[in-house]
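This is what each chain is made of:
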Amino acid sequence: MTETDQLTGLANRFGLNHHGGDMLADCIRGKKPVSLGVLDIDYFKLYNDNYGHQGGDECIKRVANVLRDLQEPGRVFAARYGGDEFIVMTSGMNQDELEGLADSIRNGVIDAAIPHAYSKALPVATVSQGHCVGVPNEGDSLSTYLSIADKVMYEVKNGARNGYRIRNLGSSHSQEEDPALSRGLEDVEWSTYHDYLTQLLNREGFFREVASILHDNPDKDYYLVRSNIKDFKLANQFFGYDKGNEILVETAEMLKSGRIKTEAVGRISGDHFAFLIDSDNYDEQVLRDAFLKQSRTIEGTKYILQYHLGVYRIEDKSMDVSIMCDRANIAINSMHNESELVVSYYNDTMMENILRENVVISEFEDALQAGHFRIFLQPIVDRDQELVGAEALVRWMRDNGETVVSPAEFIGVLEKSGLIHKLDEYVWEEAAKLLQSWKGTVLEHIFVSVNISLQDDNYLDIERVFSGLTEKYGIAPAQLNPEFTETTLISDTRRHIGLVSSLKERGFHVEIDDFGSGYSSLNVLNDIRADVLKLDKNFVGKTENRDRNMSILTNIIEMSKTLEMKVVAEGVETQAQFRTLSEMGCDMFQGFYFSKPIPPNEFESKYLAK
Ligand code: C2E
Ligand code: CA
Ligand code: CA
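Residues numbered from 1 in each chain as written. Chains lettered and ligands numbered in written order. Predicted model: local features only at pLDDT ≥ 70, side-chain atom pairs only at ≥ 80, totals over all residues. Heavy atoms only, no water.

Caption draft 1: The arrangement of the coordination of the calcium ion (ligand 2) in detail. Protein coordination at the calcium ion (ligand 2) comes from E391 (OE), N451 (OD1), E483 (OE) and D513 (OD), with a distance range of 2.1 to 2.3 Å. The motif formed by the donor residues of the calcium ion (ligand 2), counted along the single chain, is E-x59-N-x31-E-x29-D. The metal-metal distance between the calcium ion (ligand 2) and the calcium ion (ligand 3) is 3.9 Å, with D513 serving as a donor to both. Taken as a pair, E391 in strand β14 (residues 387-398) and D513 in strand β18 (residues 511-515) lie far apart in primary sequence, 122 residues in all. Exposure class is identical for E391 and D513. Each is buried. (Donors = N, O, S within 2.8 Å, 3.2 Å for Na, K, Ca; no water. Helix = DSSP H or I, 4+ residues; strand = E, 2+ residues; numbered from the N terminus. Buried < 20%, exposed > 50% of the residue type's maximum accessible area, 1.4 Å probe, protein only.)

Caption draft 2: How the structure looks around the coordination of the calcium ion (ligand 3). Taken together, the protein donors to the calcium ion (ligand 3) comprise D513 (OD), D514 (OD), E570 (OE) and E570 (OE), at separations of 2.2 to 2.8 Å. If you list the donors of the calcium ion (ligand 3) from N- to C-terminus, the spacing comes out as D-D-x55-E.

Caption draft 3: Looking closely at the environment of C586. Here C586 lies in the loop between α21 (575-584) and β21 (588-589). Owing to a relative accessible area of 0%, C586 belongs among the buried residues under this scheme. Between the C-alpha atoms of C586 and V568, which are 18 residues apart in sequence, the distance is 6.1 Å. Contact partners of C586, with chain neighbours within four places excluded, come to R383, L535, I557, V567, A569 and L581. (Contact = heavy atoms within 4.5 Å.)

Caption draft 4: Region of the structure containing the pairing of strand β17 (residues 480-485). The element β17 is largely enclosed, with a buried count of six among its six residues. Burial along β17 is two-sided: the residues L480, P482 and F484 and N481, E483 and T485 are all buried. Relative to β17, strand β16 (residues 447-452) runs parallel, the two being bridged by five bridges. Along β17, the bridge assignment pairs N451 with E483. In terms of strand pairing, β17 meets β18 through three bridges, oriented parallel. Residue pairing across strands places E483 opposite E511, the latter belonging to β18. (Pairing = 2+ DSSP bridges.)

Caption draft 5: Region of interest: the packing of aromatic side chains. All chains considered together, the criterion is met by 17 aromatic pairs. For the pair Y593 and F594, a centre-to-centre distance of 5.0 Å together with 70 degrees between the ring planes defines the contact as edge-to-face. Note on Y593: relative accessible area 29%, which makes it partly exposed. Connected via pairs of aromatic rings, a cluster forms that spans F364, F373, W396 and F410. If you follow R13 out to its NZ or CZ, it ends over the ring of Y81, 4.1 Å from the centre. Across the ring face of F592, the terminal group of K596 is positioned such that the distance to the ring centre comes to 5.0 Å. (Phe/Tyr/Trp six-rings, centres within 6.5 Å; stacked < 30°, edge-to-face > 60°. Lys NZ or Arg CZ within 6 Å of the ring centre and 35° of its normal.)

Any link to function would need more than the numbers given here.
As structure tokens, then:
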């Protein structure tokens, strides 16, 4: 029996059983940690479906190449588990090392993105990874690790793509911890297609059941509905797995009760349930009512149990059921953190957005290397309309600079996929270089503000990066202003208070961006002692509710004065706005009335000439 996968040259399932089994046995003997990770290419089936098998095969090969390069005899072992799923095992690695490996896989796969030749949109950009690591017990089997890692991987997948999670099993995990596993050993056939916790069909079982119903009823129309529990991860974290399980069981009971007339129901992963409804029985109101009845505040807590529903109206019955479920998931993910029960229907635009996002993700690194990201500068002036600084705003120059892509097209995607810090770090450095190049000119004393994303401090030591830049380019810290949005600052206030104050101690002028766009009270200004407050541009431009707006603005400006913060009015478009804001006490101004963001050379010829 061959132990090698034909397409990729990696070990296949048999190879995994053999070599992975040896690795596990070795770790049991040596009492050292073993890890197993399940990797799955994001949206692979959708791409395969849209772009044909040649593109699909190529993409599997590229992921396999990345894994092959990371293999180390006796330490890192990779196998293709089937389809677009891969397994990576390690021996003797601790959690940190494993995180490093997961990062290398993530970056390697992005780098290996399929070239244009195969399709207009790129068939692959990312993988989701679920790993588990622990010192194994006598008698542990590979399948235990496989099921745990598989679950972790699906939890990751339900969050976002391009993610990974590592579950630490500790040193003395037992199979009792997961009833599904012990039952699985007793009754293989049942557990292959069922979910032990809820007794519903599991993913495989649901796919199989739905495919057979669709096959047997060619004349009927169906809807595939998928439910997601909002912030279920949090519920698990706060109340423990028992409470989480209770919620899942209650949801399953409701689905079994017949309140919604379903043809098949399954728990397809974590907190995601899916069910098939005959279109004659489909009634959105019934769906809503049934799920609304389940929604409630968990006693004694502030957690509100809420559901999001994604619906795919089945058109092509021969389509893989997993793709239908993916589409329902796309419908769920296209909601923007809605706080109420929402029913969202899949449409092709959602798919196009995903494809567009993937183009951004897969072209990003090359474009960054090639210098296709440039900063534009938007002047900031004082009350006398004299230049005092500028904001660095990034642009993506595509097609040899013919197309200037605005940040709205890519910042959000890069944030979602954990890449934004690379762009931001680059932008900060470009800004520092410019400041250095202005030494000895009239621009010597102006400042440049740069944007910081919420995710940046998960990846970067912001304080160190900023100090490093000012040292490297010999500029004063007070010239390179970090801009945090109000929303960023209030997302984890305590952590950010620390970051802001240490930046200030080093002499940086910290700015709060888009103030007035979030829902924070004026008190945050007291807690987060920044140096500069930027009023949100929508706030400045608003003409409706003028009186109310004016009084809020007056309050904010007064408060800033008390706290000795400078106030920048952003989005100033008219002379009238400039005058009013100036009278109200704003210190600095930025907006189209003075200048749009312009390339640095234009900026220089405008101001250096003076
Ligand atoms: P922001 O930080 O609030 O930047 C100000 C935005 O307002 C800029 O849009 C600017 O062109 C626009 N603007 C300036 N004056 C006016 C005006 O008078 N009227 C109107 N309507 N708009 C004005 P831009 O350059 O498209 O950037 C959009 C957003 O993208 C930025 O909002 C910022 O959140 C983000 N962004 C830009 N560059 C970067 C970057 O390097 N890193 C990160 N993380 N985000 C960035
Ligand atoms: Ca900004
Ligand atoms: Ca702003």
